[in-house]
Structures are given as structure tokens and as C-alpha cells.
Amino acid sequence: MDFTCVTTLPVENNPNSFYKVKVECSGKSISMIVFDNNTAYKGEISSSYISDQSNLLNLSEKEYIEELRKAFLTSSSEFSYSIAEDNFYLKKSIQTNSANSIKIKFTSIKLDKVDFQTSILAVLDATLNENNQYVKKIDELQSLNEALMKGNESLLEQMKRFQADKNNMESILYYRFLNLLNSKKKKINELKGKLGVKMDEDTASEFEEEMELNDEGVENVYDADTDLDEEIEKQVETAKDECLRKPVEETKQKEESKKFQKLGENSKGNSGSSKPMSIFDRLSILDPTIPFDP
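Residues numbered from 1 in each chain as written. Predicted model: local features only at pLDDT ≥ 70, side-chain atom pairs only at ≥ 80, totals over all residues. Heavy atoms only, no water.

Q: Residues and numbers for the overall build of the protein chain, please.
A: Summing up its helical and strand segments, the protein chain has 5 helices and 7 strands in all. Secondary structure elements in the protein chain, listed N-terminal to C-terminal, are β-β-β-β-α-α-β-β-β-α-α-α. Of all 294 residues assigned to the protein chain, the portion counted as buried reaches 18%. Counting contacts in the protein chain only where the partners sit at least 6 residues apart, residues at least 24 apart contribute 45% of the total. Summing over all exposed atoms, the protein chain offers an accessible surface of approximately 22000 Å²; the carbon and sulfur share of this is 52%. (Helix = DSSP H or I, 4+ residues; strand = E, 2+ residues; numbered from the N terminus. Buried < 20%, exposed > 50% of the residue type's maximum accessible area, 1.4 Å probe, protein only. Contact = heavy atoms within 4.5 Å. Areas by Shrake-Rupley, 256 points an atom, 1.4 Å probe, with all protein chains shown as cover.)

Q: Describe helix 1 (residues 47-56), listing the residues and the values that go with them.
A: Taken as a whole, helix 1 has its buried residues at Ile50, Gln53 and Ser54. Projection of helix 1 onto a plane perpendicular to its axis shows the buried side chains occupying an angular sector of 100°, all on one side. Across helix 1 from its buried face, at more than 90 degrees, point the exposed residues Asp52, Asn55 and Leu56. Buried residues belonging to helix 1 abut strand 3 (29-36), strand 4 (39-45), helix 2 (61-74) and strand 7 (101-114). Of the residues trailing helix 1, Asn58 is marked for its positive phi of about 60°. (Arc of directions from axis to C-beta.)

Q: Describe the environment of Ser17, and please don't skip the residues or the numbers.
A: Relative to the helices and strands, Ser17 is located in strand 2 (residues 14-26). When its relative accessible area of 29% is taken as the criterion, Ser17 is described as partly exposed. When the C-alpha atoms of Ser17 and Asp36 are compared, they prove to be 9.3 Å apart, with 19 residues separating the residues in sequence. Not counting the four nearest positions on each side in its chain, Ser17 is found in contact with Leu9, Pro10 and Val11. A distance of 2.8 Å separates the side chain of Ser17 from the side chain of Asn14, its partner in a polar contact. (Polar contact = N/O pair within 3.5 Å; in protein donor to acceptor, adjacent residues only side chain to side chain.)

Q: Explain the environment of Asp2 to me, and be specific about the residues and the numbers.
A: Along the chain, Asp2 turns up in the segment before strand 1 (3-11). Each C-alpha atom of the pair Asp2 and Ser29 lies 9.4 Å from the other, and the pair is 27 residues apart in sequence. If we skip the residues at most four places from it in the chain, Asp2 touches Cys25, Ser26 and Gly27.

Q: Go over the pattern of salt bridges, please, and point to the residues and values.
A: Pairing between side chains of opposite charge can happen when their charged atoms approach one another. Applying the stated criterion across every chain, the model contains 6 salt bridges. When the shortest N-O distance is used, the salt bridge between Lys22 and Glu24 registers 3.4 Å. Accessibility expressed as a relative area gives 10% for Lys22, which makes it buried. Residue classification places Glu24 among the partly exposed residues on the basis of a relative accessible area of 34%. (Salt bridge = Lys/Arg side-chain N within 4 Å of Asp/Glu carboxyl O.)

If you want it as C-alpha cells, here you go:
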């Protein structure tokens, strides 16, 4: 896990002072430049040291390097940093079962003094390089953000069009449904009117058709030389008369009912007038064909 960073690390037991550090990790080797006031140091961590120290701490080499990266990049409070006797010490706090914690030596790097100005230039180059990488990444993210914003605007416009199309389709379907519903209601009312006017005529014609069929059946029976008693013939004729008379009587009853209803309405209408309805008027409503001379 390769990384390069330029950072400041707080001095142990002196939080107001900081080490300026440049750390570069490549493969399993780590190099660093440390500035302590006006003194510059350079040190390295070899792959063999990483292997031995990770085994000592019961960590894998990958986990050990990840912990080092975390210590140099985040300046976490669980780590402390110090320089003593030309060695850079990195310690980590380990929480025990009690409320107390202990510090263990996580790594130790042998430091060599180097030219201060040369080290400054090396750190400056690393800082500029790191800054360029960040600027490039920011540009990429901004381009991606602009593309996403344009895509979002396009989707919003498309959604508005879909919403308008949906509303138009709903209006058209609602209009067509109302037209269809009104036409069906009109047709139903027409059929109901026709059914009420022609019900009596249709009923009478149906009975007549049935009687004609019955007559044909009777003729067919007589054609077959079937002898019927006079009593049976009378019963057939009586049934035919009743069937024909029934719809006519029902029609007359309905007409009389309407006449009485009209009579009642006229009576109600004249109840507010001073002149009562005469017997001749009432009889003329019941049967207009009968002439009355009051």
C-alpha cells in the first residue's frame, strides 16, 4: 500500500510543538525526513524490520503498514511521537482491562542528520507534487459533478414532460369515458321508454303467437286422425280465450288506474279554487266517449 504525505506530528509531552515530517512508502520500505526546529533528519524502515516488528506485535505485514499509514496521516491521539538519541519513536496506546492504558513501542527509526536546505527542497517538491495530484483529482471530481448536474437537469425536464403527457392522457381518457357513459345512459333511457310504451302490445302479440302455435299443433294433431272429446276441445278454447283476454284486461286496468290518478290530481288542483268539480266533469275524465249535457 504505497503512500506519500507531508504532515505535522505533535511532540510527545509538548503538544504545542510539532515535527514536520515527509513520509514515503513504496512496497515494504518506508523513508522519512523529519524537521525538528532547524535540524533535519532522514531515516528508513527496511522490509526486514517491518517483518520482524509485525511478528512481534502479532500483526500481518499489511496490517502493520496500515497502522503506520494511519499514524502518519491522521495524527491520531492513540499515537505519540518523539525523537531521542537520534531515533524516531512511534508509540501506540493500548487500552487494558482497567481504565488505564499502556504505551508500547510501535516502531523505531534510526535517524541521520542531513542538510537542512536540501531537505527543505525535497519536502517542497513532494508537497507540490502532492498538491498537483489533489488539484487533478479535484478537477476530475468537478467535471464529474458538472456532468451529473447536467444529467440531473435533463432528467428533471424529461420528468416534467412525462408528467404533462400523463395529465393530458388522463384528461383525454376521462373525456372519452364520460362520452361513452353518457351515450350508454341515453341508450338505456331510450330502451326503457320504448319498453314502457310497447310492453302491453308486445305482451298481447306474444300471447297471440303462442296461440297460433298452439292452433297449428292442434291442427297437426287432427290431421293425424286423432279423436278428441268435445270436453277437451272446450277446455282448449277456454284456455285460449283466457290467454287472449288477460293482456287486454291488464291494459284496461292500467288505463283506468291512470284515469283515477288524473281525477285525483285534478281534485287536488281544484281544492284551492272556489268552484268544486262537478259529477259530469269527473265522469268525462273516466270515459271521454260518453257525452254529458250538464
